[in-house]
Amino acid sequence: MLIAQMTDIHIGFDPDARPEELNRIRFRATLERVLSSPNKPDLLVLSGDLTDHGDAESFSKIADLLRAVPCPILPLVGNHDTREELKRAFPDTPEEDGFLHYVVERDGLRIICLDSFEPGRHGGAFCKTRRDWLRTRLAEGGGAPCLIFMHHPPVVSGIDWMDPAADEDWIANFADAIAGHERAIRSIHCGHLHRRLHTSFRGIPLGVTPSVAPLVALDLRPIDETRADNRALITTEPPSYALHWWDGENVITHYESCDDWAVLAHYGEHLKPMIRDMFAERG
């Protein structure tokens with residue numbers, strides 16, 4: 001099974017741009033790459049910040065572009081979104097206790113989509129209600145393999161202005177919820193950071209998928225909130241997406257940037273001996 005993940009699209013950042021806003025152009029290019037790829041996704045996860053202001057018009061624009069997607073779409077709410085408008089654009093999104101979190105089971109994998117949104121807050125949130133909900137869902141799985149998607153990464157990346165504090169309550173609540181289920185959770189995948197990141201959380205592999213919208217600059221120096229030092233914050237690096245391949249036992253994640261490039265080799269007759277030799281090495 002192939003699960004495509006797109007994150008941080010931020011439609012509506014510049015809605016009056018002509019002929020079309022940059023974020024919508026980048027989203028269309030990424031969507032076209034995903035849909036024209038030889039790797040056809042079985043599911044598409046949209047892991048938050050679909051819009052920049054959570055408004056109905058921006059959600060309507062993104063929903064219109066997604067009508068061509070032939071597979072089920074699993075949307076998550078990000079800190080730039082609103083639950084109400086996301087539900088209006090994607091009315092089949094499950095809701096429980098006021099939170100947009102749910103489980104999808106497919107091909108022997110439990111896909112758990114979390115809600116880490118709190119109105120008025122840039123960073124993550126994971127209250128005791130959500131903690132208990134996740135703890136219950138993991139217990140119901142009885143150790144079955146699962147994959148967690150959430151908007152906010154519960155880790156410190158080193159990009160100072162984007163990071164949470166390591167001891168924030170919401171991170172502790174998330175850690176409490178997954179305690180004892182580490183073997184079942186194959187990996188955790190997030191957005192929000194606008195950069196590719198690989199690390200671990202409580203021994204579980206954790207990846208951050210880079211954004212569709214412009215990326216955050218890679219600068220690991222501490223930042224001073226009282227002194228603007230003219231550092232780069234946002235760049236026009238190409239939009240990206242992730243492709244998570246579930247082989248029945250493991251989750252393998254690939255990342256691809258969406259830009260123009262030339263193909264330097266095609267699989268023609270002249271390359272058959274090389275391919276044959278590589279297969280022969282497998283014994």
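Everything below is about the structure shown above.
Residues numbered from 1 in each chain as written. Predicted model: local features only at pLDDT ≥ 70, side-chain atom pairs only at ≥ 80, totals over all residues. Heavy atoms only, no water.

With seven bridges joining them, strand β12 (residues 240–246) and strand β13 (residues 251–257) adopt antiparallel strand pairing. Bridging across to β13, Ser 240 finds its partner in Ser 257. What sits between β12 and β13 in their antiparallel hairpin is a turn of four residues, with Gly 248 showing a positive phi close to 100°. (Pairing = 2+ DSSP bridges. Helix = DSSP H or I, 4+ residues; strand = E, 2+ residues; numbered from the N terminus.)

On inspection of all chains with the given rule, the structure shows zero disulfides. Of the cysteine sulfurs around Cys 71, a residue in no disulfide, the closest is that of Cys 113, at 13 Å. (Disulfide = S-S within 2.5 Å.)

With that settled, the discussion passes to helix α1 (residues 22–36). Its 15 residues place the ends of α1 21 Å apart at the C-alpha level, agreeing with the 21 Å of an ideal helix rising 1.5 Å per residue. Looking only at α1, the buried set comprises Asn 23, Arg 26, Phe 27, Thr 30, Leu 31 and Val 34. Considered in projection along α1, the buried side chains sweep an arc of 130° and stay on one side of the axis. (Expected span 1.5 Å × (residues − 1). Buried < 20%, exposed > 50% of the residue type's maximum accessible area, 1.4 Å probe, protein only. Arc of directions from axis to C-beta.)

The next subject is the nonpolar core. Counting residues in hydrophobic clusters, the biggest one holds 29 residues, and the most contacted among them are Leu 114, Leu 134, Ile 148, Phe 174, Ile 178, Ile 188 and Phe 201. Of all the secondary-structure elements, those providing two or more residues to this core are α4 (128–140), β6 (146–149), α5 (169–178), β7 (185–190), β8 (197–201) and β9 (204–208). At six residues, α5 tops the list of elements feeding residues into this core. Once residues within four sequence positions are removed from consideration, Phe 201 is found in contact with Pro 154, Val 155, Ile 171, Phe 174, Ala 175, Ile 178, Ile 188 and Leu 206. One finds Leu 2, Val 34, Phe 59 and Cys 71 within the second-largest nonpolar core, a separate group that totals 26 residues. (Core = buried A, V, L, I, M, F, W, Y, C linked by side-chain atoms within 4.5 Å. Contact = heavy atoms within 4.5 Å.)

With that settled, the discussion passes to the packing of α1 against helix α2 (residues 56–65). Relative orientation of the contacting elements α1 and α2 amounts to 25°, with a least axis distance of 11 Å. Between α1 and α2, the interaxial angle falls into the category roughly parallel. For the pair α1 and α2, the sense of crossing is right-handed. Contact residues: Arg 24, Phe 27, Arg 28 and Leu 31 in α1; Lys 61, Ile 62 and Leu 65 in α2. For the contact of α1 with α2, a count of residues per class yields four nonpolar, no polar and three charged. (Axes fitted to C-alpha atoms, helices over the stretch in contact; angles between N-to-C directions. Parallel < 35°, antiparallel > 145°, perpendicular 65-115°, else oblique. Left-handed = near helix turned anticlockwise from the far one by under 90°. Nonpolar A, V, L, I, M, F, W, Y, C, P; charged D, E, K, R; others polar.)

The buried count for strand β5 (residues 109–113) comes to five of five residues, which makes it a mostly enclosed element. Here β5 shows no split at all, with Leu 109, Ile 111 and Cys 113 on one side and Arg 110 and Ile 112 on the other all buried. In the sheet, strand β4 (residues 102–106) pairs with β5 via five bridges, with the strands oriented antiparallel. Across the sheet, the residue bridging to Tyr 102 is Cys 113, located in β5. Linking two consecutive strands that pair antiparallel, namely β4 and β5, is a turn of two residues; a positive phi of about 55° is found at Asp 107 within it. Of the strand pairs in this sheet, β5 and β6 are connected by four bridges, and their pairing is parallel. If you follow Arg 110 over to β6, its bridge partner there is Cys 146.

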